[in-house]
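# A structural walkthrough
These are the residues of each chain, in order.
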Number of protein chains: 2
Amino acid sequence: MKEQLRTYLNRYISLTDTELNLFFNHLTEDFFSKKEYLLKPGETCKYKYFITKGLIRTFYIDEKGDEKITQFAIENWWVTNMESFTLQLPSKQYLQAIEDTAVLKIDKENLEQVFAKVPKLERAFRIMTENMLIAIQRNHDFYQKMNSKERYEHMVKAQPKFTQRVPQYMIASYLEITPEYLSSLRKGY
Amino acid sequence: MKEQLRTYLNRYISLTDTELNLFFNHLTEDFFSKKEYLLKPGETCKYKYFITKGLIRTFYIDEKGDEKITQFAIENWWVTNMESFTLQLPSKQYLQAIEDTAVLKIDKENLEQVFAKVPKLERAFRIMTENMLIAIQRNHDFYQKMNSKERYEHMVKAQPKFTQRVPQYMIASYLEITPEYLSSLRKGY
DNA sequence: CGAAAATTTGACATGACTCAACTGGAGTGG
DNA sequence: CCACTCCAGTTGAGTCATGTCAAATTTTCG
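Basis of the calculations
Residues numbered from 1 in each chain as written. Chains lettered and ligands numbered in written order. Predicted model: local features only at pLDDT ≥ 70, side-chain atom pairs only at ≥ 80, totals over all residues. Near = placed C-beta within 6 Å. Helix = DSSP H or I, 4+ residues; strand = E, 2+ residues; numbered from the N terminus. Nonpolar A, V, L, I, M, F, W, Y, C, P; charged D, E, K, R; others polar. Pairing = 2+ DSSP bridges. Axes fitted to C-alpha atoms, helices over the stretch in contact; angles between N-to-C directions. Buried ≥ 20, exposed ≤ 12 C-beta atoms within 10 Å, placed from the backbone. Contact = placed C-beta atoms within 7 Å. Parallel < 35°, antiparallel > 145°, perpendicular 65-115°, else oblique. Least-squares fit on C-alpha atoms with pLDDT ≥ 70 in both. Core = buried A, V, L, I, M, F, W, Y, C linked by C-beta atoms within 7 Å. Domains from an automatic or database assignment.

All right, on to the protein's contact with DNA strand D then. Near DNA strand D lie 16 residues; those nearest to it are A:Asn147, A:Tyr181, B:Gln168, B:Tyr169 and B:Ser183. Elements that contribute at least two residues to the surface near DNA strand D include exactly helix 6 (148-158) and helix 9 (179-187) of chain A together with helix 8 (168-174) and helix 9 (179-187) of chain B. Considering each element in turn, the surface near DNA strand D owes the most residues, six residues, to helix 9 of chain B. Of the residues belonging to the surface near DNA strand D, the class tally is five nonpolar, six polar and five charged.

Shown next, in the form of structure tokens:
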């Protein structure tokens, strides 16, 4: 598990054992079973979560009462509600485990402490945030450039893990289309 | 101009005069007249630009030959093509001055050097990136939750500067609707 | 096995787009 | 400073992608 984190961090920076241990000591292991919530609207998101096993989604409920999924996250991803965590504001979203999930979590205070002790980690998190931003922008591009069918096909190709492990109505929600329409798209009209 | 930058940075960190000067020495002033390009597709984005005066847009040309505007940026904003700048890849987008514009620019190498000398700046840029990410997510929320008319009305309220300084067909492009449809929306009927 | 959840199907509704024509104002050159 | 051109903006008719709603069917799982 510690090695899993090291492998992940190695993408951005190289840490000595001492530094890794220091970071590790600020992390807490935690478990969530299928359907359990890590965060609900109104609560302030206390942690960034590094998923070591499992699958998590973020979503909100719109005015019509429908779930709108904004993100899926699997093993070796950091996930949080960035808005709520960073600005320490009440969340508008849910964080929920779709499968039984194991995480390493860290709160804002511990994170700041670690940054102070190991500036390389601040660097890693800056780069991670930049990459997330780029990913979001690329994603947004897809929405602009492709119609629903193309978006679905792209997702099947680009993220087979998700389409395999996540029920279809959640994929529809993530693609911002109705489950009925996705069904008809799969049919091939 | 140096003071303008200091005021901006004070939102995130406090710098001594020495530190600010050090940063300032890595920045270069530059000017672009109306309609001039700061970046074209295929080029790699060399700089982050801090706008001291003026207005810049980022956009790309879609397969139909239409411009799709993805961002406006005005005084006291940092703007760049994050994907191209961060990953040093050829840009798919244009950066263009909509008004005569003055900037302070810095390239990746200088930025890294400054981060090494003044870690507080790395911190500031991490936070700025987090905030951009939050802004993009919030923006995306608007697109999900509101129809075209509501998006337009929201934009007029939330960013009057843009709707005042930018021609209507660009606003339409930014809102991801056709100029014809925006026109009919404004009509209200 | 049975109930609840997920998916499919089909009829109908609509927001937003396309295309083409028209209007009006802002430059520009003679 | 008029006449002409050009571009932004408007209007309207026709179309299409996607949504809504309700019912039927299939799958999941206690």
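Glancing now at the sheet that holds strand 7 (residues 94-97) of chain B. Residue and element names in this part refer to chain B. Here four strands make up an open sheet; going across it, the order is 2-7-4-5 and the pairing antiparallel. Here the strands that pair on one side only, and so sit at the sheet edges, are strand 2 (37-39) and strand 5 (67-74). Going across the sheet, the axis of each strand differs from the next one's by a mean of 30 degrees, ignoring polarity. Relative to strand 7, strand 2 is paired through two bridges, and the arrangement is antiparallel. If you follow Leu-39 over to strand 7, its bridge partner there is Leu-95.

Below, the discussion takes up the environment of B:Glu67. Residues and elements named next belong to chain B. Topologically, Glu-67 is positioned in strand 5. Exposure remark for Glu-67: the 14 C-beta atoms within 10 Å place this residue in the partly exposed category. Sequence separation between Glu-67 and Tyr-94 is 27 residues; the distance between their C-alpha atoms is 9.8 Å. The contact partners of Glu-67, leaving out residues within four places of it in the chain, are Phe-59, Ile-61 and Ser-173.

Further remarks concern the packing of helix 6 (residues 148-158) of chain B against helix 9 of chain B. Residue and element names in this part refer to chain B. At their nearest, the axes of helix 6 and helix 9 sit 10 Å apart, and the two run at 75 degrees to each other. Considering their axes alone, helix 6 and helix 9 lie roughly perpendicular with respect to each other. Of the residues in helix 9, those in contact with Ser-148, Lys-149 and Tyr-152 of helix 6 are Tyr-181, Leu-182 and Leu-185. Across the contact of helix 6 with helix 9, the residue classes break down as four nonpolar, one polar and one charged.

Residue and element names in this part refer to chain B. Within the secondary structure layout, Leu-185 lies in helix 9. Residue classification places Leu-185 among the partly exposed positions, given that 19 C-beta atoms sit within 10 Å. Sequence separation between Leu-185 and Lys-149 is 36 residues, and the spatial gap between their C-alpha atoms is 6.1 Å. Excluding residues within four positions of it along the chain, Leu-185 makes contact with Ser-148, Lys-149 and Tyr-152.

Attention now moves to the relation of the copies chain B and chain A. Overlay of chain B on chain A (RMSD 0.1 Å): rotation 180 degrees, translation along the axis 0.0 Å. Within this description, the copies of the chain are treated as partners about a two-fold rotation axis. Relative to the rotation axis, the closest C-alpha in chain B is found at B:Arg126, a distance of 2.3 Å.

Moving on to the protein's contact with DNA strand C. For DNA strand C, the set of nearby residues contains 16 residues, the closest of which are A:Gln168, A:Tyr169, A:Ser183, B:Asn147 and B:Tyr181. Per-element tally for the surface near DNA strand C: the top contributor is helix 9 of chain A, with six residues. Partitioning the surface near DNA strand C into residue classes produces five nonpolar, six polar and five charged.

The next subject is the nonpolar core. Of all hydrophobic cores here, the largest spans 81 residues; its most connected members are A:Ile56 and B:Ile56. Counting the residues that make up this core, at least three belong to each of domain 1 (2-145) and domain 2 (146-189) of chain B. Here B:Ile56 is in contact with B:Leu38, B:Ile51, B:Ala73, B:Val79, B:Leu95, B:Gln96, B:Ala97, B:Ile98 and B:Thr101, once residues within four sequence places are set aside.

To continue, consider the sheet that holds strand 5 (residues 67-74) of chain A. Residue and element names in this part refer to chain A. Taken together, the four strands give an open sheet; going across it, the order is 2-7-4-5, and neighbouring strands pair in antiparallel fashion. Either end of the sheet is taken by a strand with one partner, and the two such strands are strand 2 (37-39) and strand 5. Taking the axes of each pair of neighbouring strands and ignoring which way they run, one obtains an average angle of 30 degrees across the sheet. Bridge count for strand 4 (residues 55-61) against strand 7 (residues 94-97) is four bridges, and the pairing is antiparallel. Among the inter-strand pairings, Ile-56 is bridged to a residue of strand 7, identified as Ala-97.

On to the interface of chain B and chain A, then. Contacts between the two partners involve 21 residues from chain B and, on the opposite side, 21 residues from chain A. When contributions to the side of chain B that touches chain A are tallied by element, the ones reaching two or more residues are helix 3 (82-87) and helix 5 (119-145) of chain B. Its residues assigned to classes, the side of chain B that touches chain A comprises seven nonpolar, five polar and nine charged.

Let us now look at unusual backbone geometry. Most peptide bonds take the trans form, and the phi angle of most residues other than glycine is negative. All names here are of chain B. One non-glycine residue, Asn-76, lies in the positive phi region at around 65 degrees. Relative to the assigned elements, Asn-76 resides in the loop between strand 5 and strand 6 (78-79). Of note in this structure, Glu-176 is not a glycine but carries a positive phi near 65 degrees.

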